[in-house]
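Chain and residue survey
For reference, the chains in residue letters:
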Amino acid sequence: MPTPPDGAAPDMDLPDKAADGTYLTPNRGMQGQQALWHVRMALNVAALSCHGQGEQALIQYNRMLKIHVIPLKQANDAIEALYQGRYTSNFLEARERLNTTVYNFFALPPVQPAFCAQSVAVLTIINGMTAQQLLAYAPQALHDLEKPFQDFYEAYADYLRRLEEWRRRFGATVTLLGPDPNQSEPAPPPPPEAPLPDLPLNIPSTPPVAPSQTITPPQ
């Protein structure tokens, strides 16, 4: 029986597809300052979640905050003004929903290995740019950061197609065999597992840090 790609759950719902064949995401149609702010949120997820390889995502992210403090603040101010104009007194709540939606998109567990590698590559490019170049590059950077997710969705859709074909050929049910009739005694049950400790989630529940603030690497 086919299995989901990258260890994903077997019952995921995929986003709808756009007319161009790509999957619809919270980053759809972002340009200019909006694209830059979505890039910053994506890279914030990488800084918090992508460990190993010398913590390169974290190091490069903190470097970006210092190099590009001005354009990142300008992007933040542009988003603030946009949401104030659109949602007036409820703009903070609306912006929090945006942050949560974008964070959750980029924190999808099966995609993290590919996303982390892509994030380091994008950060390396960004940290070699001027402020003017950064704003122009933002839509392409967002496209590059989203590519691992688009690839995963396509692989998952292929898994669903193969699973449906398998079910048509072999049936959707599985017969479980009973114990060996020649076995004199049933095998003893395994010992109970010790309770697992509560582990923190990788998805931040608070809005991203201000562009001038760095993230301290874990001890």
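Summary of the structure given here.

What to know about the pattern of salt bridges
What the rule picks out here adds up to eleven salt bridges. Residue Glu-80 is joined to Arg-95 by a salt bridge in which the shortest nitrogen-to-oxygen separation is 2.3 Å. Placement of the pair is Glu-80 in helix 3 (residues 69-87) and Arg-95 in helix 4 (residues 91-106), with a sequence separation of 15 residues. Residue Glu-80 is classed as partly exposed on the basis of its relative accessible area of 25%. A residue is classified by how much of its surface remains accessible, and Arg-95, at 7% relative accessible area, is buried. In this structure, Arg-168 and Glu-164 form a salt bridge, with 4.0 Å as the shortest nitrogen-oxygen distance. Taken together, the positions of Arg-168 and Glu-164, both in helix 6 (residues 131-170) and four residues apart, correspond to about one turn of that helix. According to the relative accessible area criterion, Arg-168 is exposed, its value standing at 56%. A residue is classified by how much of its surface remains accessible, and Glu-164, at 39% relative accessible area, is partly exposed. One salt-bridge network, in which partners are shared between bridges, spans Lys-17, Glu-154, Asp-158, Arg-161 and Arg-162.

Focus on the packing of helix 1 (residues 32-49) against helix 2 (residues 56-67)
Interaxial distance between helix 1 and helix 2 falls to 8 Å at its minimum, and their mutual angle equals 140 degrees. By the angle class used here, helix 1 and helix 2 are oblique. Remark: the crossing between helix 1 and helix 2 carries left-handed chirality. Contacts between helix 1 and helix 2 involve Arg-40, Leu-43, Asn-44, Ala-46 and Ala-47 on the former and, on the latter, Ala-57, Leu-58, Tyr-61, Met-64 and Leu-65. In terms of residue class, the contact of helix 1 with helix 2 is made up of eight nonpolar, one polar and one charged.

Conventions and cut-offs
- Throughout, residues of each chain are indexed from 1 in the direction in which the sequence is written.
- In keeping with the predicted nature of the model, local features appear solely for residues at pLDDT of at least 70, side-chain atom pairs appear and are counted solely at 80 or more, and the whole-chain, interface and lining totals rest on all residues.
- For side-chain calculations, the full set of non-hydrogen atoms in the structure is used, while hydrogens and water are omitted.
- In what follows, salt bridge is the name for a side-chain nitrogen of Lys or Arg lying within 4 Å of a carboxyl oxygen of Asp or Glu.
- Secondary structure elements follow DSSP: runs of H or I of four or more residues count as helices, runs of E of two or more count as strands, with numbering from the N terminus.
- For each residue, the accessible area found with a 1.4 Å probe, counting protein chains only, is set against the maximum for its type, and the residue is called buried under 20%, exposed over 50%, and partly exposed in between.
- Between N-to-C directions, angles cover 0 to 180 degrees, with each direction set by a line fitted to C-alpha atoms, over the stretch in contact for helices.
- Angle categories: roughly parallel below 35 degrees, roughly antiparallel above 145, roughly perpendicular from 65 to 115, and oblique for all the rest.
- With the far helix as reference, a near helix turned anticlockwise by less than a right angle produces a left-handed crossing, and one turned clockwise produces a right-handed crossing.
- Between two residues, a contact is recorded if the distance between any of their heavy atoms is within 4.5 Å.
- Residues are sorted three ways: Asp, Glu, Lys and Arg are charged, Ala, Val, Leu, Ile, Met, Phe, Trp, Tyr, Cys and Pro are nonpolar, and all the rest, Gly among them, are polar.

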